[in-house]
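Secondary and tertiary structure notes
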Amino acid sequence: MTLPVELQGLHEQVRDVAASYGLDCFETIFEMVDWDEMNQIAAYGGFPKRYPHWRFGMTYDQLSKSYTWGLQKIYELVINNDPCYAYLLKGNTFMDHKLVMAHVYGHCDFFKNNLWFKPTNRRMVDELASHAVRVQRHVDANTHDEVEEFLDSCLSIENLIDIHAQYAPTNGAAARESEDTPRGEVVRFKAKAYMDRFINPPEFIAEQRRKIEEDEKRPPRLPARPQRDVLQFLMESAPLKSWQRDVLAMVREEAYYFAPQGLSKIMNEGWASYWHSTMMTQDLLAPDEFIDYAKRHSGAMAVQPGQLNPYKLGIELYRDIEERWNKGRFGKEYEECDDRDVKHNWDTGLMEGRRRIFEVRAIYNDVTFVDEFLTPGFCERQRLFTYEFNPKTGRREITGRDFHEIKSRLLSSLANNGHPLIEVLDANFGNRGELLLIHRHDGEDLHGGYAAETLYHLHRIWSRPVHLETIVSDQARRLSYDGSQTANEEIPALSS
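Treat the numbers as computed from the prediction; the structure is a model and nothing was measured.

Glancing now at the pattern of salt bridges. Think of it this way: side chains of opposite charge can pair up when their charged atoms draw near. Within the structure shown, the criterion is met by 34 salt bridges. As a salt-bridge pair, Asp196 and Arg188 come within 2.7 Å of each other at their nearest N and O atoms. For Arg188, a relative accessible area of 45% gives the class partly exposed. Residue Arg252 pairs with Asp229 through a salt bridge whose shortest N-O separation is 2.8 Å. One end of the pair, Arg252, is in helix α11 (residues 242–263); the other, Asp229, is in the loop between α9 (202–217) and α10 (230–237), with 23 residues separating them in the sequence. Each of the two residues, Arg252 as well as Asp229, counts as buried. Put simply, Glu352, Arg355, Arg356, Glu359 and Glu372 are held in one network by salt bridges that share partners.

Structure, rendered in structure tokens:
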């Protein structure tokens, strides 16, 4: 729906203010929708059209009930696309629209300029519409239930990708690199003739030859090395029909499109919040709008017990970086200063804060952002702490305020977008064509129910028994599913 004249003028004003601060965005298009249309779009992940699936209907039902009962209200939706599409909710106040537009321009700048979004498809609105057409064709050629059941299984394992794969060299480049390394040949270190028997002793050469002969007798292992992109492996190796392979390819493509948003949730929301706060308070607010703005902003920054608020953590880290680089509170001299009063009043007048946060926005993701810029002083000022659930009291209780523990737990929760790290280990396990995967344990055990469901859906795709090596309560275990039941089998300690 075309924006009313007054909102068109507001959009132009916000766009100009954003540009004056150096924000560099794709063309941004705002559309006005009512609450029901907003919930429909939100159920589709912010896109106007997706393939049909009950998951979207379930999400829509939850959003609609939450809005009707006053539990939540969606103020802003924006899509990483060129042009960027964003939605305004009918019935919001003029101040709300102003706030949403300022926040959206922060997101749009981040989408365009953050390194981790560079590989994403900037025409995803069109691509998802194409996916909807392709899925409908498969439904017409088969049956709705058959396609939906297979789509269920694909969506249930959509997080089993290598979130960093799209930043690595292409397969062609990797293949060229591997061609430079001779296979099946004994490695000899370069040495002068008189030193060769010491650098390459005969027993060392003989042992290499023996291992090569043994390897050549064994059937080749598939995959040759553990593969983290489970979806790609299934596309290439599972016994799938052509339409199933196409559906799996679509799910994988969408998973990689959304992966950078998981990699940068704190940075992205923090950046948008920083700029809506800056533009609203410095340029856009009318005197009679300050109170309403303060209520909206403080609501977004509120921290719920036991939950991480990416808006709050992100904006505070950006502000802390800006202040530190404005006052020169970094570097060897500052870090080695052991006078508390001197460090508290440290100010070199450097005034490089704004430039620095633009640099940070361009190259960091959440893990590197937190790893580099979370400091003991920041944790102390923000009153961060670690907590555990106490089964005796039935409550979450503070367990400590140690900086290293806080940082370690936060980084652990962000690793691999918060998902377990699963790799394909062997596609011919036991020489029976069974699929073996391994969970790279990071201290957190798998959720038993989720693990069982994952094996069930992997079995539906692989069509033969599947196994998962993991650790449960410090004991190595193999979880298996053969199409009938799941069993836990104790196994020897896992090798890396």
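Additional details are given in the paragraphs that follow.
The interhelical angle for the contact between helix α1 (residues 5–20) and helix α4 (residues 94–113), taken along N-to-C directions, is 40°, at an axis separation of 10 Å. In this structure, α1 crosses over α4, and the sense of that crossing is right-handed. Contacts from Glu6, Leu7, Leu10, His11, Val14, Arg15 and Ala18 of α1 reach α4 at Phe94, His97, Lys98, Met101, Ala102 and Tyr105. A class-by-class count of the residues in the contact of α1 with α4 yields 8 nonpolar, 2 polar and 3 charged.

Moving on, we come to a nonpolar patch on the surface. Taken together, the side chains of Val187, Phe189, Tyr194, Met195, Phe198, Ile199 and Phe204 present a nonpolar region at the surface, about 690 Å² in accessible area. On the secondary structure map, Phe204 appears in helix α9.

Let's shift gears to the nonpolar core. Counting residues in each nonpolar core, the largest one holds 58 residues, and the members touching the most others are Tyr318 and Phe369. With residues up to four places along the chain from it excluded, the contact list for Tyr318 reads Phe110, Met267, Gly270, Trp271, Tyr274, Ile357, Val360, Arg361 and Phe369. Val135, Phe150, Leu263 and Leu437 belong to the second largest nonpolar core, which has 45 residues in total.

It is worth spelling out the pairing of strand β5 (residues 395–400) at this point. In terms of strand pairing, strand β4 (residues 386–390) meets β5 through 5 bridges, oriented antiparallel. Paired with Asn390 across the strands is Arg395, a residue of β5. Turn length for the β4-β5 hairpin, with the two strands adjacent in sequence and antiparallel, is 4 residues, and the turn residue Gly394 shows positive phi of about 75°.

Per-residue confidence for the chain averages 90 on the pLDDT scale, and 93% of its residues sit at or above 70. Across residues 172–181 the pLDDT falls below 50, and counting only partners more than four positions away or on other chains, this stretch makes 1 contact in the model. Confidence drops under a pLDDT of 50 for residues 490–496, and excluding neighbours within four residues, the segment shows 15 contacts in the predicted structure.

With that settled, consider helix α17 (residues 353–363). Those residues of α17 that fall on the buried side of the exposure criterion are Gly353, Arg356, Ile357, Phe358, Val360, Arg361 and Ala362. Tucked into the core, α17 has its buried residues touching α4, α12 (265–284), α14 (310–327) and α18 (366–373).

On to the packing of α14 against α17. The interhelical angle for the contact between α14 and α17, taken along N-to-C directions, is 135°, at an axis separation of 7 Å. Of the possible angle classes, the one that applies to α14 and α17 is oblique. Crossing of α14 over α17 shows right-handed handedness. Across the interface between the two elements, Tyr318, Ile321, Glu322, Trp325 and Asn326 of α14 pack against Gly353, Arg354, Arg355, Arg356, Ile357, Val360 and Arg361 of α17. Tallied by class, residues from the contact of α14 with α17 come to 5 nonpolar, 2 polar and 5 charged.

So, on to the environment of Val139. Take Val139: it is sitting in helix α5 (residues 124–141). C-alpha separation for the pair Val139 and Ile315, spaced 176 residues apart in sequence, amounts to 46 Å. Each residue touching Val139, except ones within four places of it in the same chain, is listed here: His144 and Val147.

As a further point, take a negative patch on the surface. On the surface, a cluster of negative charge is contributed by Asp442, Glu444, Asp445 and Asp474. Among the residues examined, Asp442 registers a relative accessible area of 49% and is labelled partly exposed.

Here the focus is the side chain of Asp246. Within the secondary structure layout, Asp246 lies in helix α11. By relative accessible area, Asp246 is classed as buried at 19%.

Rules behind the numbers
- Residues numbered from 1 in each chain as written.
- Predicted model: local features only at pLDDT ≥ 70, side-chain atom pairs only at ≥ 80, totals over all residues.
- Heavy atoms only, no water.
- Salt bridge = Lys/Arg side-chain N within 4 Å of Asp/Glu carboxyl O.
- Buried < 20%, exposed > 50% of the residue type's maximum accessible area, 1.4 Å probe, protein only.
- Helix = DSSP H or I, 4+ residues; strand = E, 2+ residues; numbered from the N terminus.
- Axes fitted to C-alpha atoms, helices over the stretch in contact; angles between N-to-C directions.
- Left-handed = near helix turned anticlockwise from the far one by under 90°.
- Contact = heavy atoms within 4.5 Å.
- Nonpolar A, V, L, I, M, F, W, Y, C, P; charged D, E, K, R; others polar.
- Patch = residues over 30% accessible without salt bridge, like charges linked within 9 Å, V, L, I, M, F, W, Y side chains within 5 Å.
- Areas by Shrake-Rupley, 256 points an atom, 1.4 Å probe, with all protein chains shown as cover.
- Core = buried A, V, L, I, M, F, W, Y, C linked by side-chain atoms within 4.5 Å.
- Pairing = 2+ DSSP bridges.
- pLDDT = per-residue confidence, 0-100.
- Parallel < 35°, antiparallel > 145°, perpendicular 65-115°, else oblique.
- Lys, Arg positive; Asp, Glu negative; His and termini not counted.
- Charge placed at Lys NZ, Arg CZ, Asp CG, Glu CD.

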